[in-house]
Amino acid sequence: MLRIVFMGTPDFAVPTLDAIIRRGHEITAVYTQPPRPAGRGMSKRCSPVQKQAQTHGMEVRTPVSLKPRHEQEAFAALGANVAVVVAYGLILPPPVLRAPAHGCLNLHASRLPRWRGAAPIQRAIMAGDDKTAVTVMRMDEGLDTGPICLMEPVAIGTWMTGGELHDRLADTGAALMIEALDAIAHGRLDCTPQKRMGVTYAAKIDKAKMQIDFSRPAWEVHNLIRALSPSPGAWFALAGYGSKPQRVKVLASECVQVDGAPGEVLDDRLCVACGQGAVRLLKLQREGKTLITAADFLRGQPIAAGCLLV
């Protein structure tokens, strides 16, 4: 069995942590992001990885940076065979990358070198990709540039949301990381340099880009909606509801082959014209409310044909 340092923060990393525990490897410490203010009360909340690690009585470390020398020395002192990194969120300086005997393995949710960076799941769907992958990569000092050890392709269905793809890749990736660790334990993990062609970057989704732009083609609007569903959610502003326009999230939609002025509501079932074609909004959520169907939404807030959504 291997001595492993696990480094991860969000829900995406939890299945891999669980799989390593089940496999019986020794986890010497778990690194995760420090507790952050969240929710209406802005009270500090532990990361999903920290919560899961604490249920198993593991040592959890939450440094704000790994650049200080004392943090690097504390990491090296763990004497790990390998570090497993899954959506950790901190840069690993060269001394940390070199400390484990077999280096640091990263689980990345894309078909590298396509969609290096912070938001590969959402960017793949937004671009209309019909396939992606989950990749085990040996980390170097670049941004997701290290050699590829293992890769498992995953299809992206026309209706698949970001949440659904997230869960599929998290589960598939957990099994793939176990395969990589087994290979290390038997001295046979081979890694191949990434291709130089086909490199794209999955930049973090800016909040300003979450607003639906109905001047875009319908397929782009539909892909944005499903990429950001169920969270954080693509939205439009609904005027005439209270004292100011209210944000309404759209969590499901479909493309419709009709035309109209961008943003124009074309019927009584929330078919909205886009720059090319139209989208029918199927599931919506007002601020602070539960997710409901378009029919239920319209019963509480009628939107007549001819109205413009922005």
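Residues numbered from 1 in each chain as written. Predicted model: local features only at pLDDT ≥ 70, side-chain atom pairs only at ≥ 80, totals over all residues. Heavy atoms only, no water.

### Some points on helix H7 (residues 218-227)
Thought 1: Counting buried residues along H7, eight of its ten residues qualify, which places the element largely inside the surrounding structure.
Thought 2: Buried within H7 we find Ala-218, Val-221, His-222, Asn-223, Leu-224, Ile-225, Arg-226 and Ala-227. (Buried < 20%, exposed > 50% of the residue type's maximum accessible area, 1.4 Å probe, protein only. Helix = DSSP H or I, 4+ residues; strand = E, 2+ residues; numbered from the N terminus.)

### Digging into the sheet that holds strand E10 (residues 148-155)
Through backbone hydrogen bonds, the strands of a sheet pair up, either in parallel or in antiparallel fashion.
Thought 1: The seven strands lie next to each other as E5-E2-E1-E6-E7-E9-E10, forming an open sheet whose pairing is mixed. Because the sheet does not close on itself, it has two edges, and the strands there are strand E5 (60-61) and E10.
Thought 2: One ladder, built from five bridges, connects strand E1 (residues 3-8) with strand E6 (residues 82-86); its direction is parallel. Bridging from a neighbouring strand, Gly-8 pairs with Val-86 of E6. (Pairing = 2+ DSSP bridges.)

### Brief notes about a negative patch on the surface
Thought 1: Together, Asp-11, Glu-164, Asp-167 and Asp-171 make up a region of like negative charge exposed at the surface.
Thought 2: Looking at the element boundaries, Glu-164 is found in helix H6 (residues 162-185).
Thought 3: For Glu-164, a relative accessible area of 44% puts it in the partly exposed group. (Patch = residues over 30% accessible without salt bridge, like charges linked within 9 Å, V, L, I, M, F, W, Y side chains within 5 Å. Areas by Shrake-Rupley, 256 points an atom, 1.4 Å probe, with all protein chains shown as cover. Salt bridge = Lys/Arg side-chain N within 4 Å of Asp/Glu carboxyl O. Lys, Arg positive; Asp, Glu negative; His and termini not counted. Charge placed at Lys NZ, Arg CZ, Asp CG, Glu CD.)

### So, the state of the cysteines
Two cysteines joined by a covalent bond between their sulfur atoms form a disulfide.
Thought 1: Enumeration according to the criterion identifies one disulfide in this entry.
Thought 2: There is no disulfide at Cys-274, and the cysteine sulfur nearest it, in Cys-255, is 7.6 Å away.
Thought 3: Among the residues examined, Cys-274 registers a relative accessible area of 1% and is labelled buried.
Thought 4: Free of any disulfide, Cys-307 has its nearest neighbouring cysteine sulfur in Cys-271, separated by 14 Å. (Disulfide = S-S within 2.5 Å.)

### Considering the nonpolar core
Thought 1: Residues Phe-6, Leu-105, Val-136 and Leu-181 are the most contacted members of the largest nonpolar core, which totals 45 residues.
Thought 2: In terms of residue count, the dominant contributor to this core is H6 (eleven residues).
Thought 3: Aside from chain neighbours lying at most four places away, what touches Val-136 is Leu-105, Asn-106, Leu-107, Pro-147, Ile-148, Cys-149, Leu-150, Leu-176, Met-177 and Ala-180.
Thought 4: Membership of the second largest hydrophobic core comes to 29 residues, among which are Ile-212, Trp-235, Leu-238 and Leu-281. (Core = buried A, V, L, I, M, F, W, Y, C linked by side-chain atoms within 4.5 Å. Contact = heavy atoms within 4.5 Å.)

### Description of a nonpolar patch on the surface
Thought 1: Where nonpolar side chains cluster on the molecular surface, the patch consists of Leu-143, Val-199 and Tyr-201 and spans about 280 Å² of accessible area.
Thought 2: With respect to the secondary-structure elements, Tyr-201 resides in strand E11 (residues 201-202).

### Considering the pairing of strand E12 (residues 234-238)
It is a general feature of regular strands that their side chains alternate between the two faces of the sheet.
Thought 1: Among the five residues that make up E12, five are buried, leaving the element largely enclosed by the rest of the structure.
Thought 2: Of the two faces of E12, both are covered, the one formed by Ala-234, Phe-236 and Leu-238 as well as the one formed by Trp-235 and Ala-237.
Thought 3: As defined by bridge partners, E12 adjoins strand E13 (residues 246-256) across five bridges and the pair is classed as antiparallel. By the bridge assignment, Ala-237 is partnered in E13 with Arg-247.

### So, the pattern of salt bridges
Thought 1: The tally for this structure, following the rule as stated, stands at nine salt bridges.
Thought 2: Between Glu-26 and Arg-3 there is a salt bridge; the shortest N-O distance is 2.9 Å. Here Arg-3 lies in strand E1 and Glu-26 lies in strand E2 (residues 26-31), a separation of 23 residues in the sequence.
Thought 3: With relative accessibility at 40%, the residue Glu-26 sits in the partly exposed group.
Thought 4: The residue Arg-280 makes a salt bridge to Glu-254 at a minimum N-O spacing of 3.8 Å. In this pair, Arg-280 is assigned in strand E15 (residues 278-286) and Glu-254 in strand E13, connecting sequence segments 26 residues apart.

### Observations regarding the packing of helix H1 (residues 14-23) against helix H2 (residues 48-55)
Thought 1: Look at H1 against H2: their axes get within 9 Å of each other, and the N-to-C directions meet at 20°. Classified by the interaxial angle, the pair formed by H1 and H2 is roughly parallel. Crossing hand, H1 versus H2: right-handed. Contacts between H1 and H2 involve Val-14, Leu-17 and Asp-18 on the former and, on the latter, Pro-48, Val-49, Gln-52 and Ala-53. (Axes fitted to C-alpha atoms, helices over the stretch in contact; angles between N-to-C directions. Parallel < 35°, antiparallel > 145°, perpendicular 65-115°, else oblique. Left-handed = near helix turned anticlockwise from the far one by under 90°.)

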